[in-house]
Structures are given as structure tokens and as C-alpha cells.
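What follows is each chain in one-letter form.
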Amino acid sequence: MAKKLVIKVTAGTDAPERCSQAFTVASVAAASGVEVSLWLTGESAWFALPGRAAEFALPHAAPLPDLIEAIRAGGTITLCTQCAARRGIEQKDVLEGVRIAGAQVFVSEIMKDDVQALVY
């Protein structure tokens, strides 16, 4: 069984069900004791900003701010460097504990034997 789960979420408000699924899987894994690394790319990049997750609503889904807190408590959240730059987001703008990193770090994380990677 994988000791670490790396999830790349590309969807945001443009695909709310896919977005919610990624955050839900990440938070459940973190709550289960799995080391989680959630990568925010594409439209999900906006959720690295304070207050943005509170604007997201999907019927019958857990609130995104709660899921983010669960992930931060048991893992890491990374905002894609290029995605941040395209949206004018800088490190000073993001939620506490969110890092900005690029493809080299992502590849380094997923190329280990004990890692499972998912893309949403």
C-alpha cells in the first residue's frame, strides 16, 4: 500500500464535482493517516487564496474550507508555479502553509516507490 498519496486537482468551479472529489479523497486519506500532497493546478489554483474556498458550494458535498483544513492538518498543499503566475498569485497571497512549487517538485514526489498519484 502506498505510504504517500499525491493528488493533482485541475478543476475548480468550472467542474465542481471533480473538484470536490479531489478534495474529499485528499481529506479522507489525510484523516486516515496517509501522507497527502495536494497540488492545485488550473482553476483549482484560486483555492490557495484566503476566502475562495468559502465561495465554493456543491449540494451534498462537504464544505471546501473544512476539507482544506483537514488536508493541511495531515499533509501539504502546493500551488503550481505556472498556474500561480498566470493568475497573478504570489506566495504572500496564499493561505498559511500553502507552498508554490513547480513540475520538478511534483515529479520528484510522484517518482518514489511508495507513492500513489491521482489526477482530477
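Everything quoted here is computed from the prediction, not taken from an experiment.

Definitions and cut-offs
- Residues numbered from 1 in each chain as written.
- Predicted model: local features only at pLDDT ≥ 70, side-chain atom pairs only at ≥ 80, totals over all residues.
- Heavy atoms only, no water.
- Salt bridge = Lys/Arg side-chain N within 4 Å of Asp/Glu carboxyl O.
- Buried < 20%, exposed > 50% of the residue type's maximum accessible area, 1.4 Å probe, protein only.
- Helix = DSSP H or I, 4+ residues; strand = E, 2+ residues; numbered from the N terminus.
- Pairing = 2+ DSSP bridges.
- Axes fitted to C-alpha atoms, helices over the stretch in contact; angles between N-to-C directions.
- Contact = heavy atoms within 4.5 Å.
- Phe/Tyr/Trp six-rings, centres within 6.5 Å; stacked < 30°, edge-to-face > 60°.

Chemist: Please explain the pattern of salt bridges as it appears in this structure.
Modeler: Where charged atoms of side chains with opposite charge meet at close range, the side chains can pair. A full pass over the atoms with the stated rule returns seven salt bridges. In this structure, the salt-bridge partner of K92 is E90, at a minimum N-O distance of 3.9 Å. A relative accessible area of 45% means that E90 is categorised as partly exposed. Of the charged contacts, one joins E109 and R99 as a salt bridge, the two residues approaching to 2.3 Å between their closest N and O atoms. Of this pair, E109 sits in helix α4 (residues 103-110) while R99 sits in strand β4 (residues 98-101); the two residues are 10 residues apart in sequence, bridging distant segments of the chain. Using a relative accessible area of 30% as the deciding quantity, one classes R99 as partly exposed.

Chemist: Explanation requested: the sheet that holds strand β3 (residues 75-80) in the structure shown.
Modeler: Within a sheet, each strand pairs with its neighbour through backbone hydrogen bonds, oriented either parallel or antiparallel. On the basis of which strands lie adjacent, the open sheet formed by five strands has the order β4-β3-β2-β1-β5 and parallel pairing. Two strands bound the open sheet, and with one partner strand each, they are β4 and β5 (115-119). Each neighbouring strand pair of the sheet contributes to a mean axis angle of 25°, computed without reference to strand direction. When strand β2 (residues 35-40) meets β3, the two strands line up parallel, connected through five bridges. Paired with L38 across the two strands is I77, which belongs to β3. Strands in contact with helix α2 (residues 64-74) are β2 and β3; relative to β3, the strand with the most contacts, it is inclined by about 110°.

Chemist: Even after reading the chapter, I still don't get the packing of aromatic side chains, so can you show me in this structure?
Modeler: Given two aromatic rings, one states the distance between the centres and the angle between the planes to describe the pair. All chains considered together, the criterion is met by three aromatic pairs. Their ring planes at 90° and their centres at 6.0 Å tell us that F23 and F47 sit as a pair that is edge-to-face. Here F23, found in helix α1 (residues 16-31), pairs with F47, found in the loop between β2 and α2; they are 24 residues apart in sequence, far enough to count as distant. F47 gets classed as buried once you look at its relative accessible area, which sits at 4%. Where W39 meets F106, the ring centres are 5.3 Å apart and the plane angle is 80°; that geometry is what we call edge-to-face. One end of the pair, W39, is in strand β2; the other, F106, is in helix α4, with 67 residues separating them in the sequence.

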